[in-house]
Each structure stands twice: as C-alpha cells, then as structure tokens.
Amino acid sequence: MQSMLRGGLLSLLLLAVTNGYTTSTSIMSSSSQSIPEQPTSAVHPRDESSDVLQRWSKRWEGSDTPGWHLKDAHFMLLRYFPQLMEELKPPTTTTTCSDETSKSVRVLVPLCGKSVDLVYLAKHDAVSEVVGVDGIQKAIDIFMDENPDLYNKDEVLAQSSGTQNQFAKYEGKNIAMLKGDFFDLDQDAVDGSLFDVVWDRASMVAIKPEKREEYVKVLSQMIKPGGVIILCALDRRSGTEEAMAYGPPFSLPEEEILRLFEHQDWVESITKMEEHDEAITTPDAFKRWKDMGLTSLFEMLFVIRTKGA
C-alpha cells in the first residue's frame, strides 16, 4: 500500500514538473516571438539632472520656444555659408557629378536645440549631412515634430552611439540628432567621420567660461584638416559689473577667441567677418539687455580655418 502511494505521488510530481517545464518553455517561446529585437547595447546619455544639463532642462520645461530661439535661419549663416561652400568645393573634374555626389559637406551644430539653422543646412545643395548635438530630449522631440519633411517620427528609433553608448542617435533625411552631453562627444558617436564645417551660433557663449578650453578640444577632434569653424559670438562691451558678467549667454570678446584658438597647432587663421551693434540692428531685443544694465552689446562672426592635411 505504501509502495503504491509512493509510486502515485512520484508520478504526480513528475507530471507536475514536466507540465511546469513545458508551460515555462511555451511562455518563453511565445514571449521571444512577441518582443521586437532590441539593440545590442543600451543607450546611456548623460542624465538631464546632471550639473551640466540641469539648467537647460529647466529652461525647456516652461516653454516649447525658449527666448534664444530664432524663427528664421541666422542672417549671418545665410550670408556667409554659401561663400564658404565655394571655398570647400572639391576641384572640378571632367566627370559630370550628379546632385547627390555634389553633396559632400558634413556640418556639426553643437548645442543645437530645435534651431531652424538645422533645416537650412540639411536642405542645402552642398550638404550631405548635418549633425546636431543637444542634451535635452524635449528640444529634439519638438524639432522632429516641427519638421516632418526631415523626420517621420513614427519610424524614428533611437540608436546607441559613442564608445560608451553615451548618445541616443535619431537619423532623418540628411540629418542626425544626437541626444547627450556635447563634452562626451567622440568620433565613434559621429560614425568615425570628421566634419568640414562647425556652425556655432550660440554654443560657446552658452557654456560656462571655465569650460571653453574643453569645448575647443572637442572641436579639434571633430573638424577635418582644411575645415572651417563659423563662430557667432556676443561681446558685452559696457554696462554694470553684474550685467557684464551675467550669462548665459556669456560675453565672448575677440581677445578671448584669439586666446582660445590662436595658439592651436591645427588652426590656420582666424578672421572676423563682421560685427554689429545690437542696440542699432535689433533695438527691441536690446531693450531686455539694457534693462539688465548693459549699455553696449555687439554680435560678431568669426571664421576659423584649420590647416590642411
């Protein structure tokens, strides 16, 4: 009798284990079919609560269009970019190039936000790709929403990018947006290819002055030999001590630009293309600065040419 009971219990236990294994295996099989294939590496951009990104995250929280955003492409970009493209144009050959093969210029835009400069660059005849870098997800999401001709957001999948997977990359038509801290940028994050042009409209003036040398170092690792950096700077020339030191945007006078770039062994030349008095050219906008204690504010454009290979 006891032998029969033991045999029955053993059979039940074996059946339960067998059914449990079968059920578990079945669930795993079903689950593996329903979950889409995931990237082999997780994406780890710097958190927006970090010391570097926190203040910018807060500025984006309150508005979809921060105060520094322009409705149109910057007028100095429109004025000088075509001219510089002529300089960068490869030597003509007897072979006729198609429109696609003539698109050879790669442009980097640091701290891009949702700038419409990106749209102008992505659609320019000479540009093969523009890469924007920003640490705030909201800025990138809004840009993609506002530019459906460049991004089909339903089809965009964030991909890991960088040696430490420190960027999320969103690819569109002639454009890629990298979500992460600019100071973490490396060549792996930009597919190992260097840039012909860097367009800096409000990037260097946005970072803390003590980070400028590090910023220049990153640029040096991203720009091609023979490439150009187009740098738009603000110079607070007179006002109260508090107004002169206030930022961002921080004052970036000509002597500071020379200090940062002139001694670099990869820099060929630094040319100031133009400057204009904000009180005259944009009096309505200048009123804000005047109320803060500034009496003179100039916007300047510099072209920094790098040495050829």
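Scoring rules and cut-offs
- Residues numbered from 1 in each chain as written.
- Predicted model: local features only at pLDDT ≥ 70, side-chain atom pairs only at ≥ 80, totals over all residues.
- Heavy atoms only, no water.
- Salt bridge = Lys/Arg side-chain N within 4 Å of Asp/Glu carboxyl O.
- Helix = DSSP H or I, 4+ residues; strand = E, 2+ residues; numbered from the N terminus.
- Buried < 20%, exposed > 50% of the residue type's maximum accessible area, 1.4 Å probe, protein only.
- pLDDT = per-residue confidence, 0-100.
- Contact = heavy atoms within 4.5 Å.
- Arc of directions from axis to C-beta.
- Polar contact = N/O pair within 3.5 Å; in protein donor to acceptor, adjacent residues only side chain to side chain.
- Pairing = 2+ DSSP bridges.

Caption draft 1: Fine view of the pattern of salt bridges. Tallied over the full model, the rule gives 17 salt bridges. Across the pair Arg106 and Glu129 runs a salt bridge, and its minimum N-O distance is 2.8 Å. Here the residue Arg106 occupies a position in strand S1 (residues 105-109), and Glu129 occupies one in strand S2 (residues 127-134), the gap between them amounting to 23 residues. The class for Glu129 is buried, based on a relative accessible area of 14%. Of the charged contacts in the structure, one is a salt bridge between Lys272 and Glu254, with a shortest N-O distance of 3.0 Å.

Caption draft 2: Layout of the confidence of the model for the chain. Averaged over all residues, the pLDDT of the chain is 83; the fraction at 70 or higher stands at 79%. Confidence drops under pLDDT 50 across residues 1-40; counting only partners more than four residues distant or on other chains, this segment forms zero contacts. Within the model, the stretch residues 93-98 combines pLDDT values under 50 with zero contacts to residues more than four positions away or in other chains.

Caption draft 3: Spotlight on helix H7 (residues 212-222). Regarding H7, the residues found buried are Arg212, Tyr215, Val216, Val218, Leu219 and Met222. Seen along its axis, H7 keeps its buried residues to an arc of 160°; they face one direction. Packing partners of the buried residues in H7 comprise S1, strand S6 (195-200), strand S7 (223-239) and helix H9 (254-261).

Caption draft 4: Here's a closer look at the side chain of Arg212. Topologically, Arg212 is positioned in helix H7. Among the polar contacts listed, one links the side chain of Arg212 to the backbone oxygen of Ser251, at a separation of 2.9 Å. Once residues within four sequence positions are removed from consideration, Arg212 is found in contact with Met204, Ile207, Phe250, Ser251, Leu252, Glu256 and Leu260.

Caption draft 5: A look at the pairing of strand S9 (residues 294-306). A large share of S9 lies buried, amounting to eleven of its 13 residues. Here S7 runs beside S9; their pairing, made up of eleven bridges, is antiparallel. Directly across from Leu231, in S9, lies its bridge partner Phe302. Of the pairings in the sheet, the one linking strand S8 (residues 267-277) to S9 comprises nine bridges and is antiparallel in character. Residue pairing for S9: His276 is matched across the bridge by Glu299.

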